Amino acid sequence: MRHFGHLAPEERRGLFQHEPAEFTSESPGRTLATALGATLYCPATRGGLADDVRKQNRRGVVSMVLCLEDSISDADVSAAETNLVRQFEQLADGGAGVPANEIPLLFIRVREPAQIMDLVVRLGPAAALLSGFVLPKFTEERGIPFLEALGEAESAAGRRLFAMPVLESPELMHLETRAGTLAGIARTVDKYRERVLALRLGVTDFCSAYGLRRTPEMTAYDVQLVASVIGDVVNVLGRADGTGYTVTGPVWEYFRLQERMFKPQLRQSIFTGRAEELRTALIDHDMDGLLREIELDRVNGLQGKTCIHPSHVLPVHALSVVSLEEFSDATDILRPERSGGGVVRSAYTNKMNEVKPHRAWAERTLLRAELFGVAREGVGFVDLLAAGARAVGKPAGEGAGAGAGAGEGRVKA
């Protein structure tokens, strides 16, 4: 699979100076952690789940979480597990036109550690399509049983299975317990480092601890209580010195028109001609707030994003593409002859590249460039978004079918 693989080859060549690289579920963990991109959550109760997975793959989704936790009621868990096993078996049969190696990375969000082994056993050969499990409300005390169960399930499945812990407990939100909780989480994930693919942030749960909910015009970073937790999580668990983990961006929970209080946040100047229709569609579907939050995610050290609606996937991926200017700066910083450090002027003559301080940024940028591609000179976010929208036959910002949308049991993450 590859990002923007749903575009026609000739269109990709026109958009990218360096096209996104292919990867598989067997690629190194560091590669997959960056490749996750927009991870689409979907309730495991959906009767057409196998078809949904295939459909979203054709629309550019490369990672999905099939949820047995907060997106479904307690009474539906048993039926959802049965449905999940049946849907995996349908996917493994490959009877609906998509080869098994083109199915996105699939993760199951469980409630309890015992579900991990139980599901792997019930999946049987279909477990070959499973990339891992999402572990809810992760703390040191809760996390160890989950990770030990994952190790046992790996042996039973005969394949690598990753964990994606969700950091969402009130102990992380409360100031008096935050430092101790973060230290405990760090001890736990370090002990099982080879199994931890990425850490996910449960901002909806953080807000619930104080009865808060951000509007479509506000990002997670405008909620100061939440922003402080994100900063502390990245501080402890997202360091670029080799000890850190990929931390993914929080969910954007809006996908339909709301009454707008503030002026739109998308500059009109970057949209010209027919692209103005794209700008209008994004604003009408409350996507301008999402776009701003994606940019703030990256500048605050987060990669990828939890998504609960298909219309969010394309903006996340379009904003993950590396510009030619970023690529030029990153490759210049990492030239072997610059290993001793120093300062050089950017080839674009608009900034200073300080070799040692910018090295970690450059390494991260080149990995993103490998997986999301490098745009050609003059190709921007608007071009990528418009191309993706044409490929799926939907106006940008409009829903594309399956997902945890209205009436479907939305997922908190």
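Residues numbered from 1 in each chain as written. Predicted model: local features only at pLDDT ≥ 70, side-chain atom pairs only at ≥ 80, totals over all residues. Heavy atoms only, no water.

### A few points about empty space enclosed by the protein
Phase 1 of the analysis: Taken as a whole and judged by the stated rule, the model has 2 cavities of 30 Å³ or more.
Phase 2 of the analysis: Counted as a void, the second largest cavity has a volume near 40 Å³.
Phase 3 of the analysis: As for the second largest cavity, its lining consists of His-3, Phe-4, His-6, Arg-59, Gly-60, Val-313, Leu-314 and His-317.
Phase 4 of the analysis: The residue makeup of the lining of the second largest cavity, split by class, is 3 nonpolar, 4 polar and 1 charged. (1 Å grid on protein atoms, 1.4 Å probe; cavity = no way out; pocket = protein on both sides within 12 Å on 5 of 7 lines; lining within 4 Å. Points joined across faces, edges and corners; volume = space filled by probe spheres on them. Nonpolar A, V, L, I, M, F, W, Y, C, P; charged D, E, K, R; others polar.)

### Overview of the packing of aromatic side chains
Phase 1 of the analysis: Taken as a whole, this structure holds 2 aromatic pairs when the rule is applied.
Phase 2 of the analysis: For the ring pair Trp-252 and Tyr-254, a centre distance of 6.2 Å and an interplane angle of 65° mean the geometry is edge-to-face. (Phe/Tyr/Trp six-rings, centres within 6.5 Å; stacked < 30°, edge-to-face > 60°.)

### As for the pattern of salt bridges
Phase 1 of the analysis: Under the definition given, this model contains 30 salt bridges.
Phase 2 of the analysis: The residue Arg-122 makes a salt bridge to Asp-118 at a minimum N-O spacing of 3.2 Å. In this pair, Arg-122 and Asp-118 both sit in helix 5 (residues 114-123), 4 residues apart, roughly one turn of the helix.
Phase 3 of the analysis: Here Arg-122 falls in the partly exposed class, since its relative accessible area comes to 30%.
Phase 4 of the analysis: Under the relative-accessibility criterion, Asp-118 is labelled partly exposed at 33%.
Phase 5 of the analysis: Overlapping salt bridges, with partners in common, bring together Glu-69, Asp-70, Arg-109, Lys-137 and Glu-168 in one network. (Salt bridge = Lys/Arg side-chain N within 4 Å of Asp/Glu carboxyl O. Helix = DSSP H or I, 4+ residues; strand = E, 2+ residues; numbered from the N terminus. Buried < 20%, exposed > 50% of the residue type's maximum accessible area, 1.4 Å probe, protein only.)

### A short note on helix 15 (residues 355-372)
Phase 1 of the analysis: For helix 15, spanning 18 residues, the distance from its first C-alpha to its last is 24 Å, which sits close to the expected 26 Å at 1.5 Å a residue.
Phase 2 of the analysis: Gly-373 sits one or two residues past helix 15 and shows a positive phi near 90°. (Expected span 1.5 Å × (residues − 1).)

### What to know about the nonpolar core
Phase 1 of the analysis: Grouped together as the largest cluster of nonpolar side chains are 113 residues, with contacts concentrated most on Phe-88, Ile-108 and Phe-133.
Phase 2 of the analysis: With sequence-adjacent residues up to four places away left out, Phe-88 is seen in contact with Leu-66, Leu-106, Ile-108, Leu-123, Ala-126, Leu-129 and Leu-130.
Phase 3 of the analysis: Of all hydrophobic cores here, the second largest spans 5 residues; its members include Val-322, Leu-324, Ala-369 and Val-374. (Core = buried A, V, L, I, M, F, W, Y, C linked by side-chain atoms within 4.5 Å. Contact = heavy atoms within 4.5 Å.)

### Some words on the confidence of the model for the protein chain
Phase 1 of the analysis: Looking at the protein chain as a whole, the pLDDT averages 88, with 86% of positions reaching at least 70.
Phase 2 of the analysis: A low-confidence stretch, residues 257-263 (pLDDT under 50), is modelled with 11 contacts involving residues beyond four sequence positions or located in other chains. (pLDDT = per-residue confidence, 0-100.)

### Here we look at the side chain of Thr-34
Phase 1 of the analysis: Note on placement: Thr-34 falls in helix 2 (residues 29-35).
Phase 2 of the analysis: Excluding residues that lie within four positions of it along the chain, Thr-34 makes contacts with Gln-303, Leu-367, Arg-368, Leu-371 and Phe-372.

### Points about the environment of Ile-294
Phase 1 of the analysis: Locating Ile-294 in the fold gives a position in helix 12 (residues 287-299).
Phase 2 of the analysis: Along the chain, Ile-294 and Lys-305 lie 11 residues apart, while their C-alpha atoms are 7.8 Å from each other.
Phase 3 of the analysis: For Ile-294, the contacting residues outside a window of four places in its chain are Lys-305, Pro-315, Val-316 and Leu-319.

### Describing the pairing of strand 6 (residues 162-167)
Phase 1 of the analysis: Judged by how many residues are buried, strand 6 sits mostly within the fold: 6 of 6 residues are covered.
Phase 2 of the analysis: On strand 6, burial covers both faces: Phe-162, Met-164 and Val-166 on one face and Ala-163, Pro-165 and Leu-167 on the other are all buried.
Phase 3 of the analysis: The sheet contact formed by strand 5 (residues 130-135) and strand 6 spans 4 bridges and is parallel. Looking at strand 6, one finds that Val-134 is bridged to Met-164.
Phase 4 of the analysis: For the crossover that starts at strand 5, traverses helix 6 (residues 140-157) and ends in the parallel strand 6, the hand is right-handed.
Phase 5 of the analysis: Pairing of strand 6 with strand 7 (residues 199-201), which is carried by 2 bridges, proceeds in the parallel orientation. Residue pairing in the sheet places Val-166 in a bridge with Arg-200 of strand 7. (Pairing = 2+ DSSP bridges. Right-handed = clockwise from strand over helix to strand, strands pointing away.)

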